[in-house]
Amino acid sequence: MDENEKSENIVHRRNVTRSNGGDLSGTEDKPASAEEEVQDEDNSKRRLTLMEEVFLLGLKDKEGYTSFWNGSLCFGLRGCILVELSIRGRIKLEEAGVKRKSLLRRKVLIVNSTPTGECLLDEALKHIRQTQPPENVGSWIAYLSGDSWNLMKRRYHMRYVRERIAKGLVEKGVLSTEKMNFFVFDVTTHPLLDSDTKLQIVKKVQDGLLSRWTGDLSRMDKRQLALLLLAQVSEVIENAFDSLNSDDFVSANKRVSELANLDLENEAAKENSLDIVWAVVDYLSSVDSEK
């Protein structure tokens, strides 16, 4: 996956005024409710997005970069963007309907196009809003990853995603910036600076698979469940197991296997389910099986 080309449509981080005006306004907009305003305020206090958490799980702490061989992380980070937008109330999947459309046939719809203030999220949100007719989750992950043969969709390719996430984490004081000599090239790396933040993410994964595990995943906190699923399909979840004792390590791996063998359509049909995360997992699992 080409992460080293310049983006033609980068949306820069900016302060956002919550109204129906602005660059992303349109007929699809719904006025932000009091509940949504509180949700956005909570999200602004929450230091990290899903893509930042998954990225940190894949980061080599001292070296300051992710594995060059993990192609799943590239797709996974784009999936994280879609799920984060859904959790923030910006997008949703269309209803399955009477014919019970499968997850990968259901289109991604705009709920509220108010910018989030996160540059990657707002870039993706702008693309989704401007695309008619709507596309499904699989198409959006392919477009955002630059993995589409459709030349008309190449403008949706979000480039430099890992580097942009890393720079955002530098701004938040989680990572630092260094130069490393790689053969004849100087490469910018981002070693871990705030180890407590990384440990909190690791603990969140461990707790989700152990102390907070529930047989009914619809009862689990949506953000925590999304982190587990997205870390799994991005092939970084096992990086959280290093500190586990032998028994917990076995239990955690068993739960990961259970996640990998779930009936995704059934999970998505449950009440209060975050169906878009199951659609993302469905698509990324199929991509992984084709490798």
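Residues numbered from 1 in each chain as written. Predicted model: local features only at pLDDT ≥ 70, side-chain atom pairs only at ≥ 80, totals over all residues. Heavy atoms only, no water.

## Observations concerning the overall build of the protein
Of the regular secondary structure elements, the protein holds 11 helices and six strands. Burial statistics for the protein: of 291 residues in total, 52% are counted as buried. For the protein, contacts bridging at least 24 residues in sequence account for 70% of all contacts bridging at least 6. By element, 49% of the accessible surface of the protein is carried by carbon and sulfur atoms, the whole surface being about 14900 Å². (Helix = DSSP H or I, 4+ residues; strand = E, 2+ residues; numbered from the N terminus. Buried < 20%, exposed > 50% of the residue type's maximum accessible area, 1.4 Å probe, protein only. Contact = heavy atoms within 4.5 Å. Areas by Shrake-Rupley, 256 points an atom, 1.4 Å probe, with all protein chains shown as cover.)

## Examining the environment of L193
Here L193 is to be found in the loop between β6 (185-189) and α7 (195-209). Between the C-alpha atom of L193 and that of G173, which follows or precedes it by 20 residues, the distance is 7.1 Å. Beyond its immediate stretch of four places on either side in the chain, L193 contacts G173, V174, L175 and S176.

## Focus: the pattern of salt bridges
Evaluation of the coordinates by the stated rule reveals 13 salt bridges. Between K153 and E135 there is a salt bridge; the shortest N-O distance is 3.5 Å. With K153 in the loop between α5 (137-145) and α6 (161-171) and E135 in the loop between α4 (119-130) and α5, this pair connects stretches of sequence that are 18 residues apart. For the pair K153 and E135, a shared accessibility class is recorded, and that class is buried. Ionic pairing is found between D207 and K203, a salt bridge with its closest N-O pair at 2.7 Å. Of the two residues, D207 and K203 both sit in helix α7, four residues apart, roughly one turn of that helix. (Salt bridge = Lys/Arg side-chain N within 4 Å of Asp/Glu carboxyl O.)

## Some remarks on α4
Compared with the 16 Å implied by 1.5 Å per residue over 12 residues, the 17 Å span of α4 between its first and last C-alpha is a close match. A large share of α4 lies buried, amounting to 10 of its 12 residues. Along α4, the residues classified as buried are C119, L120, L121, D122, E123, A124, L125, H127, I128 and R129. Close packing links the buried residues of α4 with α2 (50-58), α3 (71-87), β3 (91-93), β4 (108-110), α5 and α6. (Expected span 1.5 Å × (residues − 1).)

## Some remarks on the packing of aromatic side chains
By the definition in use, this model includes five aromatic pairs. Seen from their ring centres, W140 and Y143 are 5.6 Å apart, and the 85 degrees between their planes marks the pair as edge-to-face. Residue W140 and its partner Y143 are both found in helix α5; the two are separated by three residues, about one turn of the helix. Across the pair, Y143 and W140 agree in class, each one buried. Residues Y143 and Y156 carry aromatic rings whose centres are separated by 6.0 Å and whose planes lie at 45 degrees to one another, so their mutual orientation is tilted. You can see Y143 sitting in helix α5 and its partner Y156 sitting in the loop between α5 and α6, a full 13 residues away along the chain. Taken individually, Y143 and Y156 each receive the classification buried, so the pair is uniform in this respect. Of the aromatic side chains, those joined through ring pairs into one cluster are W140, Y143 and Y156. (Phe/Tyr/Trp six-rings, centres within 6.5 Å; stacked < 30°, edge-to-face > 60°.)

## A closer look at the environment of L103
Inspection of the secondary structure puts L103 in the loop between β3 and β4. Not counting residues up to four positions away in its chain, the partners in contact with L103 are L93, L264, E265, A268, D275, W278, A279 and D282.

## Remarks on the side chain of R106
Mapped onto the fold, R106 is located in the loop between β3 and β4. By relative accessible area, which is 6% here, R106 ends up buried. Looking at R106, its side chain comes within polar contact range of the side chain of D275, at 2.8 Å. Setting aside chain neighbours within four positions, we find R106 in contact with L93, E94, E95, A96, K101, N136, V137 and D275. (Polar contact = N/O pair within 3.5 Å; in protein donor to acceptor, adjacent residues only side chain to side chain.)

## A few points about α7
Helix length check: α7 (15 residues) gives 21 Å between terminal C-alpha atoms against 21 Å at 1.5 Å per residue, within 8%. Of the surrounding elements, those touching the buried residues of α7 are α2, β1 (59-60), α8 (222-233) and α9 (246-260). If you check the start of α7, you find a side-chain oxygen 3.2 Å away from the backbone N of D196, and it comes from D194.

## Quick word on the pairing of strand β5 (residues 178-182)
Taken together, the five bridges between β5 and β6 define a ladder with antiparallel strand orientation. Bridge pairing in β6 places K179 opposite T188. From the end of β5 to the start of β6, which pair antiparallel, there are two residues, and F183 there has a positive phi angle of about 60 degrees. (Pairing = 2+ DSSP bridges.)

## A word on the packing of α2 against α6
Across the interface, α2 lies against α6 with an axial gap of 10 Å and an inter-helix angle of 100 degrees. With respect to α6, the element α2 is oriented roughly perpendicular. Residues M51, E52, F55 and L56 of α2 touch α6, and the partners they reach there are R162, I165, A166, G168 and L169. Across the contact of α2 with α6, the residue classes tally to six nonpolar, one polar and two charged. (Axes fitted to C-alpha atoms, helices over the stretch in contact; angles between N-to-C directions. Parallel < 35°, antiparallel > 145°, perpendicular 65-115°, else oblique. Nonpolar A, V, L, I, M, F, W, Y, C, P; charged D, E, K, R; others polar.)

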